[in-house]
Amino acid sequence: MPALLAAVGLAVLGALSGSDAAYGFAVAALIAGALSWRFVGRRFGSWGYAERKDDLLVRRGVMFARLSVVPYGRMQFIDVTAGPLERAFGLATVRLHTAAAATDARIPGLEREEAARLRDSLAELGEAEAAGL
């Protein structure tokens, strides 16, 4: 959307000033917007998660695919965060914390209700698994 607004603004500027450079920049803004739209769509589609019996699978990555397996019993706590942009669209991010410092299991772009449901479900499963140790 910002690229489209920039392209329209540059096209209007080109029409008012008669500058071919403004038209060129407008076309460049449209091309950049189309490429970034495709990239954002692929990146959004690369995220996924699956709740299994004993663990949670989290996948991500466009060029370099990554699959994280987080056992419920290893989860220490679960954060649900939402920055200003996420709040504006009714979204949230679920972040899982384990004892391993390198664990970066997070699931962005969830609807708030789904994020709260997932947090509660994971906390319940984590307590049940930890109690069995």
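The structure contained in this document is the topic of the report that follows. (Residues numbered from 1 in each chain as written. Predicted model: local features only at pLDDT ≥ 70, side-chain atom pairs only at ≥ 80, totals over all residues. Heavy atoms only, no water.)

Some details on helix α2 (residues 20-46)
Side chains three or four residues apart in an α-helix point the same way, a direct result of the helix having 3.6 residues per turn. So the rule is basically this: Secondary structure elements are defined from DSSP: runs of H or I of at least 4 residues count as helices, runs of E of at least 2 residues count as strands, and each element is numbered from the N terminus. Working rule for helices: expected span equals 1.5 Å times residues minus one. Burial status follows relative accessibility: with a 1.4 Å probe on protein chains alone, a residue under 20% of its type maximum counts as buried, one over 50% as exposed, and anything between as partly exposed.
With 27 residues, α2 ought to run about 39 Å at 1.5 Å a step, and its terminal C-alpha atoms sit 39 Å apart, in line with that. Within the span of α2, buried status applies to Ala-22, Ala-26, Ala-29, Gly-33 and Ser-46.

Examining the sheet that holds strand β3 (residues 66-71)
Neighbouring strands of a sheet are bound in pairs by backbone hydrogen bonds; such pairs are parallel or else antiparallel. The cut-off we apply is this: One bridge is not enough; two strands pair if DSSP finds at least two bridges between them. Orientation is described by lines fitted to C-alpha atoms, with helices fitted over the stretch in contact, and by angles between N-to-C directions that extend from 0 to 180 degrees.
The strand order across the open sheet built from three strands is β1-β2-β3, with neighbouring strands paired in antiparallel fashion. Two strands in the sheet have a free side with no partner beyond their single neighbour: β1 (48-51) and β3. Neighbour-to-neighbour, the strand axes of this sheet turn through a mean angle of 15 degrees, independent of strand direction. Alignment of β1 against strand β2 (residues 55-60), held across four bridges, turns out to be antiparallel. Residue Gly-48 lies in a different strand from β2, and its bridge partner there is Arg-59.

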